[in-house]
Amino acid sequence: QVQLVESGGGLVQAGDSLRLSCAASGRSLSTYRMGWFRQAPGKEREFVAAITWSGGTTYYADSVKGRFTISRDNAKNTVYLQMNSLKAEDTSVYYCAADPRGWGLPGTILQYDYWGQGTQVTVSS
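Residues numbered from 1 in each chain as written. Predicted model: local features only at pLDDT ≥ 70, side-chain atom pairs only at ≥ 80, totals over all residues. Heavy atoms only, no water.

Undergrad: Would you mind going over the pairing of strand E9 (residues 92-99) with me for this structure?
TA: Consecutive side chains along a regular strand alternate between the two faces of the sheet. Counting buried positions along E9 yields seven of eight residues, so the element is predominantly enclosed. In this structure, strand E4 (residues 33-39) lies alongside E9, joined through seven bridges in antiparallel fashion. In the strand pairing of E9, Met34 is matched with Ala98. In this structure, E9 lies alongside strand E11 (residues 119-124), joined through three bridges in antiparallel fashion. Bridge pairing links Val93 to Gln120 in E11. Pairing geometry for E9 and strand E10 (residues 114-115), over two bridges, is antiparallel. Counterpart to Ala97 in the pairing with E10 is Trp115. (Buried < 20%, exposed > 50% of the residue type's maximum accessible area, 1.4 Å probe, protein only. Helix = DSSP H or I, 4+ residues; strand = E, 2+ residues; numbered from the N terminus. Pairing = 2+ DSSP bridges.)

Structure follows, in structure tokens:
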């Protein structure tokens, strides 16, 4: 079983940066594809970014490409999401998720077996 805990959320102004962290326990994440998703009030959960187990390949939603960077440190069992140039529309609860299979479309929610509890990011304009 994998437990995921996100941290790093908060209230910032448009244009600011935040770095989210996702720390895992219970099992090494070194063989898992990892993803970040977000969900705003009244909206469906949506894909933000994903990274392969080695960190060699990353994927991004068009809405965050060029502003967000996903990375991982397998030695620390942690995944990060660096968010720059934040916009009001980035306001959401952000979730990290673990995919033990590592194949299939990285943006598909059903690919991910384990989820964190989420961390709130609020961007004021």
